[in-house]
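Results of the structural survey
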Amino acid sequence: EEQLVESGGGLIQPGRSLRLSCTVSGFTFGDYAMHWVRQAPGKGLEWVSGITSDGGIQGYADSVQGRFIISRDNAKNSLFLQMSGLRAEDTALYYCARDVSVRITMIVGWGQGTLVTVSS
Amino acid sequence: DIQMTQSPSSLSASVGDRVIITCQASQDIRKYLNWYQQKPGKAPKLLIYDASNLETGVPSRFTGGGSGTDFTFNITSLQPEDFATYYCQQYHDLPLTFGGGSKVETK
């Protein structure tokens, strides 16, 4: 069974940094692009970032470009999101998600999310 | 960035009704358009990919169509388990973008 488990969320002050992690099992991690998608409380889905299966291409939403960095370690079946310069508007449930292909296209597998709250 | 505009943002319907949701892209995205369903407290689920292809295991009452900038999502006969929020998403260009969502509520 495919599993994606996020960790690293929590309460953080504005301007600080936080690193999210996602550990997967049940599929060959290195065969798929991966994503971070977030959802602010009571709001819609927002794609945050994605990375191709080999890590060669990363994409970011405008709202996080220059502040967030996505990376992956295929040997450790792990995806990361380094978040810096956090703002109140980054408060959201952050989902780790798997693409259907090696490229950044569509999402077919989701974790349960980790909550990030940015507040003083 | 490509903007995705969904309508309506919410609608009230009854079991057995036909539901239609539209999604408009700010530029031509060919058929690079997906539809997701999200129920409260749950992660989203892919229903339709490439505008009109049904994901494996998804009931055939869900259909999608369109190309270019205008897309539709249909539920031919609404079932109790279909009350949820639906999102479109384009992957023609990075960054990927979602529509604002369409919440289907019980009338």
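Reference entry: report on the structure contained in this document. Numbers given to residues run from 1 along each chain, matching the order in which its sequence is written. Chain letters start at A and ligand numbers start at 1, both assigned in the order the entries are written. Totals for whole chains, interfaces and linings use all residues, but because this is a predicted model, local features are given only for residues with pLDDT of at least 70 and pairs of side-chain atoms are given and counted only at 80 or more. Here the side-chain values reflect all heavy atoms present in the structure, with hydrogen atoms and water set aside.

**Brief notes about the nonpolar core**
Note on terminology: a nonpolar core comprises buried Ala, Val, Leu, Ile, Met, Phe, Trp, Tyr and Cys residues joined through side-chain atoms within 4.5 Å. Per-residue accessibility, obtained with a 1.4 Å probe over protein chains only, is compared with the maximum for each type, and a residue is labelled buried under 20%, exposed over 50%, and partly exposed between these values. Counting 26 residues, the largest nonpolar core has Trp36(A), Leu79(A), Leu81(A), Met83(A) and Tyr94(A) as its most contacted members. Under the scheme used here, helices are H or I runs from DSSP no shorter than 4 residues and strands are E runs no shorter than 2 residues, and both carry numbers assigned from the N terminus. Taken together, the elements giving at least two residues each to this core come down to strand 3 (18–25), strand 4 (34–39), strand 5 (45–51), strand 7 (68–73), strand 8 (78–83), strand 9 (92–99) and strand 11 (114–118) of chain A. Of the residues forming this core, the biggest block, four residues, is contributed by strand 3 of chain A. Apart from residues lying up to four places away in sequence, Leu81(A) is in contact with Leu18(A), Arg19(A), Leu20(A), Trp36(A), Val48(A), Ser49(A), Phe68(A), Ile69(A), Ile70(A) and Tyr94(A). Counting 24 residues, the second largest nonpolar core, distinct from the first, contains Trp35(B), Ala51(B), Leu78(B) and Ala84(B). In what follows, residue pairs with any heavy atoms lying within 4.5 Å of each other are defined as contacts.

**Brief notes about the side chain of Thr114(A)**
Residue and element names in this part refer to chain A. Within the secondary structure layout, Thr-114 lies in strand 11. Classification of Thr-114 by relative accessible area gives buried; the value is 10%. Apart from the residues lying within four places of it in its own chain, the contact partners of Thr-114 are Glu-6, Ser-7, Gly-8, Gly-9, Leu-20, Ala-92, Leu-93 and Tyr-94.

**Considerations on the interface of chain A and chain B**
By a widely used convention, the size of an interface equals the accessible area lost when the partners come together. In this complex, chain A contributes 21 residues to the contact, which on the side of chain B involves 18 residues. Here chain A and chain B share an interface that buries about 1,500 Å² over both sides, 66% of which is from carbon and sulfur atoms. Considering only the side of chain A, the residues that lose the most area to chain B are Leu45(A), Trp47(A) and Met106(A), jointly responsible for 38% of the buried surface there. Only one rule defines a salt bridge in this text: a Lys or Arg side-chain nitrogen within 4 Å of an Asp or Glu carboxyl oxygen. Our count for the chain A to chain B interface comes out at zero salt bridges. Under the rule applied, a polar contact is a pair of N or O atoms within 3.5 Å (in protein, one hydrogen donor and one hydrogen acceptor; residues adjacent in sequence only if both atoms are side-chain atoms). Taken together, the connections running from chain A to chain B amount to five residue pairs in polar contact (both at pLDDT 80 or more). Where the side of chain A that touches chain B is concerned, the elements lending two or more residues are strand 4, strand 5, strand 6 (58–60) and strand 10 (107–110) of chain A. Each residue belonging to the side of chain A that touches chain B can be placed in one class, and the counts come to twelve nonpolar, six polar and three charged. The term buried area means the drop in 1.4 Å probe accessible area that two parts suffer when joined, counted for both and summed. For this classification, Asp, Glu, Lys and Arg are treated as charged, while Ala, Val, Leu, Ile, Met, Phe, Trp, Tyr, Cys and Pro are nonpolar and the rest, including Gly, are polar.

**A look at the environment of Gly111(A)**
Residue position: Gly111(A) is located in the loop between strand 10 and strand 11. Considered as a pair, Gly111(A) and Gly8(A) are 103 residues apart in the sequence and their alpha carbons are 13 Å apart. Those residues in contact with Gly111(A) that sit more than four places away from it in its chain are Leu4(A), Glu6(A), Tyr95(A), Cys96(A) and Ala43(B).

**Thoughts on the sheet that holds strand 7 (residues 62–67) of chain B**
All names here are of chain B. Whether two strands pair comes down to DSSP finding at least two bridges between them. Here we have four strands laid out as an open sheet, ordered 1-3-8-7, and antiparallel in their pairing. Looking along the sheet, the strands with just one partner apiece sit at the ends: strand 1 (4–7) and strand 7. Sheet twist, expressed as the average angle between the axes of neighbouring strands with direction ignored, equals 15°. In terms of strand pairing, strand 7 meets strand 8 (residues 70–75) through six bridges, oriented antiparallel. Opposite Thr-63, over in strand 8, you have Asn-74 as the bridge partner. Axes here refer to lines fitted to C-alpha atoms; in helices the fit is confined to the stretch in contact. Angles between the N-to-C directions go from 0 to 180 degrees.

**Side note on unusual backbone geometry**
The phi torsion of most residues other than glycine is negative, and most of the peptide bonds are trans. Residue and element names in this part refer to chain B. At the junction of Ser-7 and Pro-8, the peptide bond is cis and its omega measures out at -5° in the coordinates. Residue position: Pro-8 is located in the loop between strand 1 and strand 2 (10–13). Phi at Arg-30 is positive, roughly 55°, even though this residue is not glycine. Counting through the fold element by element, Arg-30 comes out in the loop between strand 3 (19–25) and strand 4 (33–38).

**Observations regarding the layout of surface pockets**
Over the atoms rolls a probe the size of a water molecule, and its path tells where empty space is left. Cavities and pockets are found on a 1 Å grid laid over the protein atoms alone: a cavity is a set of points where a 1.4 Å probe fits but cannot escape, a pocket is an open set with protein on both sides within 12 Å along at least five of seven lines, and a lining residue has an atom within 4 Å of such a point. Grid points are joined across faces, edges and corners, and a volume is the space filled by probe spheres set on the points. A volume near 370 Å³ is recorded for the largest pocket. Residue lining of the largest pocket: 20 residues in total, with Gln39(A), Lys43(A), Gln38(B), Thr85(B) and Tyr87(B) positioned closest to the centre. Of all elements in the fold, only strand 9 of chain A together with strand 9 (85–90) and strand 11 (102–106) of chain B reach the threshold of two or more residues within the lining of the largest pocket. When its residues are assigned to classes, the lining of the largest pocket shows eight nonpolar, eight polar and four charged.

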